[in-house]
Amino acid sequence: MKGKILDFSIQSNTGIISAEDGKRYTFVGTEWKEQAIPARGNNVDFEVNEQGQATGVYLELITSPASAKPVTSTQGNPLNLSPAAQENLNKAKEVLNKWEQGEANYHQAIVTCFKKYAVFSGRARRSEFWFFQLFCFVATLIFAYAGRKSEFMDMLGILFFFATLLPIIAVTVRRLHDLGRSGWLVLVTLIPVVGVLLVLFWATQDGNPDHNQYGPSPKADAET
């Protein structure tokens, strides 16, 4: 009998098939005879046992009447993977692309902040601010840990702190500008705890998408 998989749960290892006779049949993962994981929309061939459950579930072979050979399309699928395997491969590619894009943004943020070492004019996106803060925070933790065992590393940690203090202030000012706020509000951080938390809260907000008194939107510039 032929049908189409409506759903398959990896957690329960069970699935549902909508058959050509208009009925629905459940099947367990042990009855799936392909290597790829069952996926919704797969056309399948199967049998039905006495309990009304699908058994011996295979992917349906689409044949050409002229040659009676399986017809497969290699466009976008050069490895001739099954539909389920190709879908999983496409998802993996999407995750990899997003990771690579995030890594590129991370490196770009660090380079930009050092290039604009003492630039207090203009605007900065959230990614530029937060990626640079993350870089400084992780580096500080590393120096703090290494400084317990080495006075030299402790000295480097102190030098790193003072070397990154000015660009941190500068990118914070530019981030405030992106929100349409005055850069002088960075002085709020002099208020213990509360001031720092307030500035960090502001930094989480999306910037003004339009041109403001501090310049054009950096997000618009990145998209053009």
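Being a predicted model, the structure only gives us computed values, none of them experimental.

Which parts of the structure should I look at to understand the nonpolar core?
Side chains of a nonpolar character, in soluble globular proteins, are inclined to be buried together. Listed in full, the twelve residues of the largest apolar core are Ile5, Phe8, Ile17, Ala19, Tyr25, Phe27, Trp32, Val44, Phe46, Ala54, Val57 and Leu59. Among the elements of the structure, β1 (2-9), β2 (14-19), β3 (24-28), β4 (43-48) and β5 (54-59) are those that each provide at least two residues to this core. If you tally residues by element for this core, the top one is β5, at three residues. In this view, phenylalanine 46 contacts Met1, Lys2, Gly3, Ile17, Ala19, Tyr25, Ala54, Thr55, Gly56 and Val57; residues no more than four positions away in its chain are not counted.

Looking at this model, I keep getting lost on the environment of isoleucine 16. Mind explaining?
When you line up the elements, isoleucine 16 lands in strand β2. Overall, the relative accessible area of 33% leaves isoleucine 16 in the partly exposed class. Linking isoleucine 16 and lysine 4, residues twelve residues apart in sequence, is a C-alpha distance of 8.5 Å. Among residues more than four places away in sequence, those in contact with isoleucine 16 are Lys4, Ile5, Leu6, Asp7, Arg24, Tyr25, Thr26 and Phe27.

In this structure, what is going on with the pairing of β3? I would like to understand it.
A regular strand places its side chains on the two faces of the sheet in alternate fashion. Only one face of β3 is covered, namely the one carrying Tyr25 and Phe27; the face carrying Arg24, Thr26 and Val28 has none of its residues buried. The hairpin turn running from β2 into β3, its antiparallel successor, is four residues long, and glycine 22 in that turn takes a positive phi close to 90°.

Sorry, what's going on with the confidence of the model for the protein chain here?
Detailed conclusions should not be drawn from predicted coordinates in areas where pLDDT is low. Summing up the model confidence of the protein chain, the mean pLDDT is 83 and the portion of residues at 70 or higher is 79%. With pLDDT under 50 throughout, residues 67-75 is counted as low confidence; its partners more than four residues away or in other chains account for eleven contacts.

So what exactly am I meant to see when it comes to helix α4 (residues 194-203) here?
Because the α-helix completes a turn every 3.6 residues, residues three or four places apart line up on one side. Residues of α4 that are buried include every one of Gly195, Val199, Trp202 and Ala203, and no others. On an axial view of α4, the arc spanned by its buried residues comes to 105°, and they lie on one face. Away from the buried face of α4 by more than 90 degrees, exposed residues Val194, Leu197 and Phe201 are located. The elements touched by buried residues of α4 are α2 (126-147) and α3 (151-178).

Criteria and thresholds
- Residues numbered from 1 in each chain as written.
- Predicted model: local features only at pLDDT ≥ 70, side-chain atom pairs only at ≥ 80, totals over all residues.
- Heavy atoms only, no water.
- Core = buried A, V, L, I, M, F, W, Y, C linked by side-chain atoms within 4.5 Å.
- Buried < 20%, exposed > 50% of the residue type's maximum accessible area, 1.4 Å probe, protein only.
- Helix = DSSP H or I, 4+ residues; strand = E, 2+ residues; numbered from the N terminus.
- Contact = heavy atoms within 4.5 Å.
- Pairing = 2+ DSSP bridges.
- pLDDT = per-residue confidence, 0-100.
- Arc of directions from axis to C-beta.

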